[in-house]
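Understanding the architecture of this molecule
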Amino acid sequence: MPRGRFKEGIIRLLLLMAASTSILIVILIFVFLFKEALPFAVHPGLRELWGTRWIPVSFQRSAYGIIPLITGSALVTCLATLIAIPFGVIGAVYLSEVAAAREREILKPFIELLAGIPSVVIGFFGLVVLAPLVKTALGLSSGLTALTGALLLALMAIPTIMSISEDAIQAVPLSYKEASLALGASKLQTIWRITVPAALPGIIAAIMLGMGRVIGETMAVMMVTGNAAIITLNPAESVRTMTATIAAEMGEVAFGSDHYRALFWVGIILLIVTFAINMVAQRVLKKYQLTP
Amino acid sequence: MIQQKMFHPALLILAFGVWGLACQKPSETSKPKSGGDAKPAQAAGKVMMIKGSDTMVHLVTAWAEVFMKKHPDVQIAVTGGGSGTGIAALINGQTDLCAASREINEKEKKDAEAKGIHPTEFSVARDGIAVVVNPKNPVSELTMEQVKKIYTGALTNWNQVGGPDAAITVLSRESSSGTYVFFQEHVLEKADYSPKVRLMPATSAIIQETAANASAIGYVGLGYAAEAGDKIKMVKIKAKEDAPAVTPSEETVKAGTYPIARALYLYANGQPTGVCKEFLDFCTSPEGEKIVRENGYVTVK
């Protein structure tokens, strides 16, 4: 049936095109980012980016040092991940090993719901509810801090970490658990000494994917971290993340200016970091035959 | 993740659209001119260009949208770039109207006359910035110098300006805001903001934080401050140490006694006619004034 084969070929081609669109788009984004960013490397020079002050709008001298932005993103991301790990991993253990079928049926949709809340809504909740709470709880002068942002981001990372960890835990062969129980280990011992260690690579990948989600998050952090570009490791201080900087400044920046190009460099760094985190996480998942 | 990737191209496509508009339109209208009175609007049919102040872009766009609804045959292209850019475009005959948040200066006037352009000034709105604090804060007046020192980081505690012993939480708009630049120019006298200043993504966020935080100070457009009512407190401002403290209000901004205020202008070439005149009349009509208030500015009259 040559006619049928021809038709099948066309359909195959169409499907291939659809499937490779995302690859093409990623490549185009990379090309575009570099095209817009490169003139900065020529004129003010990349040394300008390696500074400690981010003052893009100034009557004196503009400074485009992105170190405070990188430390800001790093601080918020690490804190958020640290907060999200216990909730995400313990939650996953509970869901897959302890919870009864009915409990799972109730819990799972809510976790998925949490993943679906728009970040601007979470951000607004953070600004109105969480920031005043953080302020009074820690006796600070303002609740707009890295910690507030990290708490919100943890809320967003938990569903990711939980659902992928759960898959990893469920993928542990039943024979491991059976052997452990047969040797006289209690249920709790089996979970913590056998199941979780066996699922650890998958759990680590889950945590990294959660981190990838957190580092790229924009709206919620922009609303609650105060966005002051200072270099600090203190969770009670205000920080400015890379994402918030791009979102806040790209809208009104003069096209082709140094400021515009510096923002593209921030975008490139952000893209490389998220790309690296996701790549490593996918590798780990693939190596241990898990699918996210 | 997916959201983040979507964010870049969508924004950039939008950005390119605006850029394309900005680049393309003037070339359509900037053709050689013999007489000084040639007006691009009449010549190019009914496409009107308004270029200039970034602060005024939102206001002028709001006017233009309503005006175009009422006159479906008229198209208005509004672009920013800054007051200086707008005035230069007017001098070069590349725009019909120029939006400026300052008066045209002597040099620009001379340049314009040399090219046979006669910039005519229309005061269309006023912009007053209120300095706001939490209602619980006992400080109710500050000098311009004190506000400057608070924002540049020289003063960090409320007890340095007659308040309680509490660290000041300084709030500002993002650097993309026209208000940020205006405040920097007029209050900070072009000094840099302290890096510790918290930059808020929106005026509403400044009001929200000031209302919730007893040690906060922020600045917002007068319209927004008035709308927030007693959630926040507007500080009286003294231009100098021995000057009277002025409450920011529509009256004091109009009278010119409140120091953190400025007039917003539209400039035309000569006495405007046709669509330009209609648009200028619209801006100061009751309907236009309503738009002025809705955007947080103060009307002229």
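A few words now on the overall build of chain A. Scanning chain A for helices and strands turns up ten helices and two strands. Start at the N end of chain A and walk to the C end: the helices and strands fall as α-β-β-α-α-α-α-α-α-α-α-α. By its C-alpha atoms, chain A is 75 × 75 × 30 Å across when sized along the principal axes. Expressed as a percentage of the 292 residues in chain A, the buried residues total 48%.

Let's shift gears to the interface of chain A and chain B. Facing 47 residues of chain A, the contacting portion of chain B comprises 39 residues. Counting the surface chain A buries against chain B, the share from its top three residues, Val57(A), Phe59(A) and Phe255(A), is 18%. If you look at where chain A meets chain B, you find ten residue pairs in polar contact (both at pLDDT 80 or more). Those elements that provide at least two residues to the side of chain A that touches chain B are helix H1 (2-45), helix H4 (119-138), helix H7 (187-215), helix H8 (219-224), helix H9 (242-250) and helix H10 (258-287) of chain A. For the side of chain A that touches chain B, the per-class residue count stands at 22 nonpolar, 15 polar and ten charged.

All names here are of chain B. Going residue by residue along strand S3 (residues 97-100), you find Leu97 and Ala99 tucked away on one face and Cys98 and Ala100 tucked away on the opposite face as well. Sheet analysis places strand S1 (residues 47-52) next to S3, joined by three bridges and oriented parallel. Within the sheet, the bridge partner assigned to Lys51 lies in S3 and is Cys98. Sheet topology note: the S3/strand S12 (residues 261-269) ladder contains four bridges and is antiparallel. Paired with Ala100 across the bridge in S12 is Tyr265.

Below, the discussion takes up the domain arrangement of chain A. All names here are of chain A. Looking at chain A, the domain boundaries give domain 1 (2-49) and domain 2 (54-287). With 16 residues of domain 1 in contact, the opposing surface of domain 2 contributes 16 residues. For the pair domain 1 and domain 2, the summed buried surface comes to about 1500 Å²; carbon and sulfur atoms form 74% of the total. At the junction of domain 1 with domain 2, the criterion picks out two salt bridges. The salt bridge involving Glu36 is made with Arg261; its shortest N-O contact spans 3.6 Å. Inspection of the region where domain 1 meets domain 2 yields five residue pairs in polar contact (both at pLDDT 80 or more). Among the residues forming the side of domain 1 that touches domain 2, the class breakdown is 13 nonpolar, one polar and two charged.

All names here are of chain B. Pairing in this open sheet of three strands is mixed, and the strands run S5-S10-S11 from one edge to the other. The sheet terminates laterally at strand S5 (141-143) and strand S11 (245-246), the two strands that pair on one side only. Alignment of S5 against strand S10 (residues 236-238), held across three bridges, turns out to be parallel. Note that in S10 the partner of Thr143 across the bridge is Lys238. Set on the sheet, helix H6 (residues 144-152) makes contact with S5 and S10; between it and S5 the angle comes to about 85°.

This model, assessed by the stated rule, comprises 20 salt bridges over all chains. Ionic pairing is found between Glu174(B) and Arg240(A), a salt bridge with its closest N-O pair at 2.8 Å. With Glu174(B) in the loop between strand S6 (169-173) and helix H7 (178-186) and Arg240(A) in the loop between H8 and H9, this pair bridges two chains. The pair formed by Glu174(B) and Arg240(A) is uniform in burial state, with each residue classed as buried. Lys107(B) is paired through a salt bridge with Asp111(B); the nearest N and O atoms lie 3.1 Å apart. Residue Lys107(B) and its partner Asp111(B) are located together in helix H5 (residues 106-114), separated by four residues, close to a single helical turn. Look at Lys107(B) and you get exposed, because its relative accessible area is 59%. Counted as one network, the salt bridges with shared partners bring together Lys35(A), Glu36(A) and Arg261(A).

Residues and elements named next belong to chain B. On inspection of all chains with the given rule, the structure shows 15 aromatic pairs over all chains. Measuring from ring centre to ring centre gives 6.1 Å for Tyr151 and Tyr193, while their planes differ by 80°; the resulting arrangement is edge-to-face. Note that Tyr151 is positioned in helix H6 and Tyr193 in the loop between H7 and strand S7 (198-200), a separation of 42 residues in sequence. What makes Tyr151 buried here is its relative accessible area of 0%. Residue classification places Tyr193 among the buried residues on the basis of a relative accessible area of 7%. Each member of the aromatic cluster is reached from another via a ring pair, and the members are Tyr151, Tyr180, Phe183, Tyr193 and Tyr219. In this arrangement the basic side chain of Arg262 is found over the ring face of Phe182, its NZ or CZ atom lying 3.9 Å from the centre.

All names here are of chain B. Looking at chain B, the pLDDT average stands at 83 and 85% of residues meet or exceed 70. Taken element by element, chain B is modelled with least confidence in helix H1 (residues 2-29), mean pLDDT 40, and with most confidence in H6, mean pLDDT 96. Overall, residues 1-44 carries pLDDT values under 50, and its contacts beyond four positions in sequence, including any with other chains, amount to 55 contacts. Across the interface, the model reports ipTM at 0.83; the global pTM reads 0.78.

A few words now on H4(A). Taking 1.5 Å per residue, 20 residues should reach 28 Å; H4(A) reaches only 25 Å between its end C-alpha atoms and comes up short. Along H4(A), the sharpest kink reaches roughly 45°, centred on Gly126(A). Ser119(A), Ile122(A), Gly123(A), Gly126(A), Leu127(A), Leu130(A), Ala131(A), Val134(A) and Lys135(A) are the residues of H4(A) that are buried. Against helix H5 (146-170) and H8 of chain A together with S7 and helix H8 (203-212) of chain B lie the buried residues of H4(A). Just downstream of H4(A) lies Gly139(A), where phi reads positive at about 65°.

Criteria and cut-off values
Residues numbered from 1 in each chain as written. Chains lettered and ligands numbered in written order. Predicted model: local features only at pLDDT ≥ 70, side-chain atom pairs only at ≥ 80, totals over all residues. Heavy atoms only, no water. Helix = DSSP H or I, 4+ residues; strand = E, 2+ residues; numbered from the N terminus. Buried < 20%, exposed > 50% of the residue type's maximum accessible area, 1.4 Å probe, protein only. Contact = heavy atoms within 4.5 Å. Buried area = accessible area lost by both parts, 1.4 Å probe. Polar contact = N/O pair within 3.5 Å; in protein donor to acceptor, adjacent residues only side chain to side chain. Nonpolar A, V, L, I, M, F, W, Y, C, P; charged D, E, K, R; others polar. Pairing = 2+ DSSP bridges. Domains from an automatic or database assignment. Salt bridge = Lys/Arg side-chain N within 4 Å of Asp/Glu carboxyl O. Axes fitted to C-alpha atoms, helices over the stretch in contact; angles between N-to-C directions. Phe/Tyr/Trp six-rings, centres within 6.5 Å; stacked < 30°, edge-to-face > 60°. Lys NZ or Arg CZ within 6 Å of the ring centre and 35° of its normal. pLDDT = per-residue confidence, 0-100. Expected span 1.5 Å × (residues − 1). Bend = angle between axes of the 7 residues up to and from the residue.

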